[in-house]
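Structure at a glance
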Amino acid sequence: MLKAFADYLVYSVLGMARGTRLSGALEFFIYDTIKIFLLLSVIIFIISIIRSYFPPEKTKRILSNKREFIGNILAALLGIVTPFCSCSAVPLFIGFVEAGVPLGVTFSFLISSPMVNEVAVVLLWGLFGWKIALIYMGTGLLVAIIAGMIIGKLKLEKWVEEYVYTIKAMGAAADIAKQTFRDRLVYARENTTDILKQVWAYVLVAIGIGGFIHGYVPEDFLVRYAGPQNPFAVPIAVALGVPLYSNAAGVIPIVYALMEKGMSMGTVLAFMMAVTALSFPEMIILRKVLKARLLAVFVSIMTVTIIGVGYLFNAIL
Amino acid sequence: MEIKVLGPGCSNCFKLEELAKTAVKDLGLEATVVKITDIGQIATHGIMATPGLVVNGKVKHSGKPLPSLDKVKELIKSELVNG
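Just so it is clear, the model here is predicted, and its values are computed rather than measured. (Residues numbered from 1 in each chain as written. Chains lettered and ligands numbered in written order. Predicted model: local features only at pLDDT ≥ 70, side-chain atom pairs only at ≥ 80, totals over all residues.)

**A word on the overall build of chain B**
The criterion, for reference: Strands are runs of DSSP state E lasting at least two residues, helices are runs of H or I lasting at least four, and both sets are numbered from the N terminus onward. For a compact globule the rule gives 2.2 Å times the number of residues to the power 0.38, and the radius of gyration it is set against comes from C-alpha atoms. Three classes are used. A residue is buried when 20 or more other C-beta atoms lie within 10 Å of its own, exposed when 12 or fewer do, and partly exposed in between, with C-beta atoms placed from the backbone.
Within chain B one finds 3 helices and 4 strands. For chain B, the succession of helices and strands along the chain, N to C, is β-α-β-α-β-β-α. Taken against the 2.2 N^0.38 rule, which gives 12 Å for 83 residues, the C-alpha radius of gyration of chain B at 11 Å falls within 12% of a compact globule. By residue count, 45% of the 83 residues in chain B fall in the buried class.

Here is the structure:
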């Protein structure tokens, strides 16, 4: 039905000739734009409703005093639905630690939350298909669980800034009024428009790359440099991605372009994870609660795990 | 009456501070709006998603999306009734 609509718009309304490169590209652009924005709106709305049941306070309660392993898995999963923005990373970290959430479990949450979220998954789904979206989600969770477990096993609590342990929260957040289902729907609507406002431009650029640059740059342009044959492609992509800072939506146009031009799947996914999960600004924010040594350990473990994921997918896909 | 806006200084914290000030003016209240950026203090209030709005020591809002101006007024008024 969407296809028919895009078809109608390009050939009947705009009166373009069939079979040209431009009209084909435009049809693809219109079709993809409508499809992805529909997907985004519906999925973000549904996730927002689920999300309204998991404010950070509740997530904290669920995770406090959980055993490692089970705790890491739960934390990674809750990272998908609990609202998070990097500006809240520090109060969230303190809140978790203060409530007795083990350090490794806290890290699993901090890693999964910005990396695996509905925007990333929907965009991958819309542009590359549901398999890639599921693979990204699965491996993102795996990275969060493994990295969190390693940090937990290393017993690095001593490398958290001391003042964090002295803070005692007043537990005042319980004052926030109970929400009715209507409140949740309003929240979901506001959250959906909020997120769409943030990401629409990136999404259009990504689709534009797919629709227009397609065919103008040689298909195998990157294969020569970053195809499956090059064993250094994954570490180089990750090394480039770590300092770059972007949310999932912002990195999608680059990801699309790289994939289109022949970079292999594992390398692209590793790059995307490195960009969303690790960045300089986030390190500076986290430095307020973590000593430099712990920060270095965190970045190293993440880098190694993400490179591992990249190699794994290049080997099996 | 004391109203606190808590956040490390992102644009949303700014907007919430403006909303709170406008609400106080519109309601004609004798209240001070204080901005708190210290991470330790933010965490001490039990706020884990910024920006937070605290009225008379009670957390009224935390996180995004921001409440509307009417909602902020309502949140502040709820404390007036309680004294």
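**Brief notes about the overall build of chain A**
This is how the line gets drawn: In this description, any two residues whose backbone-derived C-beta atoms lie within 7 Å of each other are considered to be in contact.
Broken down by element type, chain A carries 16 helices and 0 strands. Taking 2.2 N^0.38 as the reference for a compact globule, 317 residues should give roughly 20 Å; the C-alpha atoms of chain A span a radius of gyration of 21 Å, in line with that estimate. For chain A, the C-alpha atoms occupy an extent of roughly 70 × 50 × 30 Å along the three principal directions. Across the 317 residues that make up chain A, the buried fraction comes to 44%. Contacts in chain A between residues at least 24 apart in sequence constitute 87% of all its contacts with a sequence separation of at least 6.

**Details of the environment of A49 of chain B**
Structurally, A49 of chain B is set in the loop between α2 (39-44) and β3 (52-55). Given 23 C-beta atoms within 10 Å, A49 of chain B falls into the buried group. With 12 residues separating them in the primary sequence, A49 of chain B and H61 of chain B have C-alpha atoms 9.4 Å apart. Excluding residues that lie within four positions of it along the chain, A49 of chain B makes contacts with P56, P83, S88 and L92 of chain A together with S62 and G63 of chain B.

**Observations concerning the packing of helix α12 (residues 233-241) of chain A against helix α16 (residues 292-316) of chain A**
All names here are of chain A. Inclusion rule: For helices, the fitted line uses only the C-alpha atoms of the stretch in contact; every axis is such a line through C-alpha atoms, and the angle between N-to-C directions lies from 0 to 180 degrees. Should an angle fall under 35 degrees it is taken as roughly parallel, and over 145 as roughly antiparallel, whereas 65 to 115 is taken as roughly perpendicular and any remaining angle as oblique. For a crossing to be left-handed, the near helix must be turned anticlockwise from the far one by less than a right angle; the clockwise case is right-handed. Under the scheme applied here, ten amino acids are nonpolar (Ala, Val, Leu, Ile, Met, Phe, Trp, Tyr, Cys and Pro), four are charged (Asp, Glu, Lys and Arg), and all others, including Gly, are polar.
It is at 9 Å that the axes of α12 and α16 come closest, and there the two elements cross at 140 degrees. One finds that α12 runs oblique with respect to α16. When you trace α12 past α16, the crossing you get is right-handed. On α16, the residues that touch V234, P235 and V238 of α12 are T303, I306, I307, G310, Y311 and N314. Tallied by class, the residues present in the contact of α12 with α16 amount to 6 nonpolar, 3 polar and no charged.

**Thoughts on the packing of helix α3 (residues 56-63) of chain A against helix α4 (residues 70-81) of chain A**
Think of two packed helices as two axes; the pair is described by the angle between the axes and how far apart they sit. All names here are of chain A. Remark: α3 packs on α4, axes separated minimally by 10 Å, with the N-to-C direction vectors making an angle of 165 degrees. Judged by the inter-axis angle, α3 sits roughly antiparallel to α4. α3 and α4 meet at a crossing whose hand is right-handed. Listed contacts from α4 to T59, I62 and L63 of α3 are G71, L74, A75 and L78. Its residues assigned to classes, the contact of α3 with α4 shows 5 nonpolar, 2 polar and no charged.

**Description of helix α8 (residues 130-153) of chain A**
Threshold: Given a helix with a known number of residues, its expected span is that number minus one, times 1.5 Å.
Between the first and last C-alpha of α8 of chain A there are 34 Å, a value that for 24 residues agrees with the 34 Å anticipated at 1.5 Å per step. Two residues or fewer after α8 of chain A comes K155 of chain A, characterised by a positive phi angle close to 55 degrees.

**A closer look at the interface of chain A and chain B**
Listed by partner, the interface residues are 26 residues for chain A and 21 residues for chain B. Going through the elements one at a time, α3, α5 (89-98) and α10 (181-213) of chain A are the ones with two or more residues in the side of chain A that touches chain B. A breakdown of the residues in the side of chain A that touches chain B according to their chemical character gives 15 nonpolar, 4 polar and 7 charged.

**A look at the nonpolar core**
If you look at soluble globular proteins, the nonpolar side chains tend to sit buried side by side. Spelled out, the test is: By definition, a nonpolar core groups buried Ala, Val, Leu, Ile, Met, Phe, Trp, Tyr and Cys residues that connect through C-beta atoms lying within 7 Å of each other.
Judged by nonpolar contacts, the single largest core of 111 residues is most densely connected at L123, A147, A270, M273 and A274 of chain A. In contact with L123 of chain A, not counting residues within four places along its chain, are V203, A248, A249 and I252 of chain A.

**Topic: the pairing of strand β1 (residues 2-6) of chain B**
Residues and elements named next belong to chain B. Going by this rule: For two strands to pair, DSSP has to find at least two bridges joining them. A clockwise path from the first strand over the helix to the second, with the strands pointing away from the viewer, defines a right-handed crossover.
When you tally the buried positions in β1, you get 4 out of 5 residues, the bulk of the element. Direction of pairing for β1 relative to strand β2 (residues 32-36): parallel, over a ladder of 5 bridges. The residue of β2 that forms the bridge with E2 is T32. A crossover connection joins β1 to the parallel β2 through helix α1 (residues 11-27); in handedness this β-α-β unit is right-handed.

**Re the sheet that holds strand β4 (residues 58-62) of chain B**
Residue and element names in this part refer to chain B. The strand order across the open sheet formed by 4 strands is β2-β1-β3-β4, and the pairing between neighbours is mixed. The open sheet has two edge strands with one neighbour each: β2 and β4. If you compare each strand with its neighbour and ignore which way they point, the axes differ by 20 degrees on average. Of the pairings in the sheet, the one linking β1 to β3 comprises 4 bridges and is antiparallel in character. Paired with L6 across the strands is G52, a residue of β3. Along the sheet, α1 makes contact with β1, β2 and β3, crossing β1 at roughly 165 degrees. Contacts from helix α3 (residues 69-81) reach β1, β3 and β4, with the element oriented near 25 degrees to β3.

**Re α3 of chain B**
Residue and element names in this part refer to chain B. Just so we agree on the cut-off: What the arc describes is the spread of directions from the helix axis to the C-beta atoms.
The end-to-end C-alpha separation of α3 is 19 Å, in line with the 18 Å expected for 13 residues at 1.5 Å each. For α3, the full list of buried residues reads V72, L75 and I76. Mapping the buried residues of α3 onto a view down its axis gives an arc of 90 degrees, with all of them on the same face. For α3, the exposed residues set more than 90 degrees away from the buried face come down to D70 and V81. Here the buried face of α3 lies against β1, α1, β3 and β4.

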